[in-house]
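Below are the chains, spelled out letter by letter.
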Amino acid sequence: MPYQRITLTHFLLQEQRRLGGTGSFTGLMTDIIFACKMISREVNQGALSGNLGKAGSENVQGEEQKTLDILSNEIFMHMNALGGAYAGMASEEMEDVRPVHGAVDGKYLLLFDPLDGSSNIDVNISVGTIFSILRLPEGASTIAEAAFLQKGVKQIAAGYAIYGSSTMLVLTTGSGVNGFTLDQSIGMFMLTHPNMTIPTDTQEFAINASRARHWEPPVRRYVDECMAGAEGPRGKDFNMRWVASMVAEVHRILCRGGVFMYPADAENQAKGGKLRLLYEANPMAFIIEQAGGAASTGRGRILDVAPTKLHQRVPVILGSRNEVTRLAGYHAEYD
Ligand code: AHM
Ligand code: MG
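For the chain, the name recorded in an unreviewed UniProt entry is Fructose-1,6-bisphosphatase class 1, with Magnetospirillum fulvum as its organism. The UniProt entry for the chain carries the following comment under Subcellular location (unreviewed entry): "Cytoplasm". Database annotation for the chain, UniProt heading Sequence similarities (unreviewed entry): "Belongs to the FBPase class 1 family."

Quick look at the structure:
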């Protein structure tokens, strides 16, 4: 019943009451919600705003930045600095961590990818914002990189906003995953996808198959077996998808199951993979696990990886539990 739906704000207040919280988490989520709505508006404007296209600069990882990458980064930084809950922030688009000036009592750290999948902006395909919240470590007196180098298991919340055919915000605070759809007419996120759960089995996989020549044997074997369909060892047909926006892939998996892979391969091995541990892999792994799925590097749980540097990359295999377990098993057989 549409009129019995609750807003994200009400959902957070309910959780706050349930857990006996002080309201500080609800406050910091309010800033994230507002930032995501602002980015959604910019993305939605498309060519009308004149903000499509390249910015003519590169980020710290040597990747070309889009105008909307930079704008989204500024929006997310600015809106989230206002509440005073964060001591510092780190972003895929910024070389160094940023202390939040004036937030002397800030207890949290915010890590984010302001506009993931940005190669899709100019072609009107879904993109999104990914965020992860950590506690400022006990006794940390300065906001230096070391404070951010925490394992994924330490996250207190993670989520993403997807700017797709509708805008949604998907959130976990460590007790399940809930999805909220933005009602543009009233400017509110409404709870539309309570308790999102990933089916244990799937017949859908996602990988950038143009990199097949670089794959390691366990990944090649897994994909070959899926492609062999009902006549192959899996005894069933598989479907394949690749959006090139991790938010869209993860969202599809949360809605109907599947497995997503951006593995280490012969070409990206030296970098450790493609996706970033702190801004992409960890928040998504937290969400996927909370929805009953699994997230692995192929050689261990993503959330247990001890980060050694801010922009660290990591192989990512996530989604329906039985497929991720199978892939991890194949890696173990070949190692
Ligand atoms: P980005 O943060 O620069 O947008 O890169 C991350 C994106 C993911 O969303 C997506 O899964 C992957 O890169 C796509 O890579 P490829 O272009 O190799 O298909
Ligand atoms: Mg990204």
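That was the structure; now back to the text.
1. Observations concerning the overall build of the chain
A count of helices and strands for the chain gives eight helices and 17 strands. Against the compact-globule benchmark of 20 Å for 335 residues, the chain has a radius of gyration of 19 Å, which places it among compact chains. In terms of overall dimensions, the chain has a C-alpha envelope of 60 × 50 × 45 Å along the principal axes. In the chain, which comprises 335 residues, the share counted as buried stands at 46%. Counted over contacts in the chain with a minimum sequence separation of 6, partners at least 24 positions apart contribute 63%.

2. Quick notes on the pairing of strand E17 (residues 316-319)
Both faces of E17 are covered, namely the face carrying Val-316 and Leu-318 and the face carrying Ile-317 and Gly-319. Relative to E17, strand E15 (residues 294-296) runs antiparallel, the two sharing three bridges. Following the sheet pairing, Ala-295 is matched in E17 by Leu-318.

3. Focus: the sheet that holds strand E11 (residues 204-206)
Reading across from one edge, E12-E11-E13-E17-E15 is the order of the five strands in this open sheet, with mixed pairing throughout. Among the strands making up the open sheet, the edge pair consists of strand E12 (239-240) and E15.

4. Thoughts on the site of ligand 1
The environment of ligand 1 is made up of Glu-63, Glu-92, Asp-113, Asp-116, Gly-117, Ser-118, Ser-119, Asn-208, Ala-244, Ser-245, Met-246 and Tyr-262. Considering only residue class, the shell around ligand 1 consists of three nonpolar, five polar and four charged.

5. Overview of the UniProt feature "binding site: substrate" (unreviewed entry) in the chain
Under the local residue numbering, the UniProt record ascribes the feature "binding site: substrate" (unreviewed entry) to Asp-116, Gly-117, Ser-118, Ser-119, Asn-208 and Lys-274. Assignment of secondary structure puts Gly-117 in the loop between strand E5 (108-116) and strand E6 (127-135). If we ignore the near neighbours within four places in the chain, the residues touching Gly-117 are Ser-126, Val-127, Gly-128, Ala-244, Ser-245, Met-246, Val-247 and Ala-248. In this structure, Ser-118 sits in the loop between E5 and E6. Excluding residues that lie within four positions of it along the chain, Ser-118 makes contacts with Lys-66, Leu-68, Asp-69 and Val-127.

6. Thoughts on the environment of Thr-197
With respect to the helices, strands and loops of the structure, Thr-197 is situated in the loop between strand E10 (188-193) and E11. For Thr-197, a count of 13 C-beta atoms within 10 Å gives the class partly exposed. Between the C-alpha atom of Thr-197 and that of Gln-290, which follows or precedes it by 93 residues, the distance is 8.2 Å. Residues within four places of Thr-197 in sequence aside, it is in contact with Ala-291 and Gly-292.

7. Comments concerning the packing of helix H2 (residues 24-45) against helix H3 (residues 67-81)
Put simply, H2 and H3 touch, their axes get as near as 9 Å, and they point 155 degrees apart. Considered as vectors, H2 and H3 are oriented roughly antiparallel to each other. Between H2 and H3 the crossing geometry is right-handed. Contacts between H2 and H3 involve Asp-31, Ile-32, Phe-34, Ala-35, Met-38, Ile-39, Glu-42 and Val-43 on the former and, on the latter, Leu-68, Leu-71, Ser-72, Ile-75, Phe-76, Met-79 and Asn-80. When the residues that make up the contact of H2 with H3 are grouped by side-chain class, the tally is 11 nonpolar, two polar and two charged.

The rules we used
- Residues numbered from 1 in each chain as written.
- Chains lettered and ligands numbered in written order.
- Predicted model: local features only at pLDDT ≥ 70, side-chain atom pairs only at ≥ 80, totals over all residues.
- UniProt positions renumbered as here; feature names shortened; annotations may be inferred.
- Helix = DSSP H or I, 4+ residues; strand = E, 2+ residues; numbered from the N terminus.
- Rg over C-alpha atoms; globule rule 2.2 N^0.38 Å.
- Buried ≥ 20, exposed ≤ 12 C-beta atoms within 10 Å, placed from the backbone.
- Contact = placed C-beta atoms within 7 Å.
- Pairing = 2+ DSSP bridges.
- Near = placed C-beta within 6 Å.
- Nonpolar A, V, L, I, M, F, W, Y, C, P; charged D, E, K, R; others polar.
- Axes fitted to C-alpha atoms, helices over the stretch in contact; angles between N-to-C directions.
- Parallel < 35°, antiparallel > 145°, perpendicular 65-115°, else oblique.
- Left-handed = near helix turned anticlockwise from the far one by under 90°.

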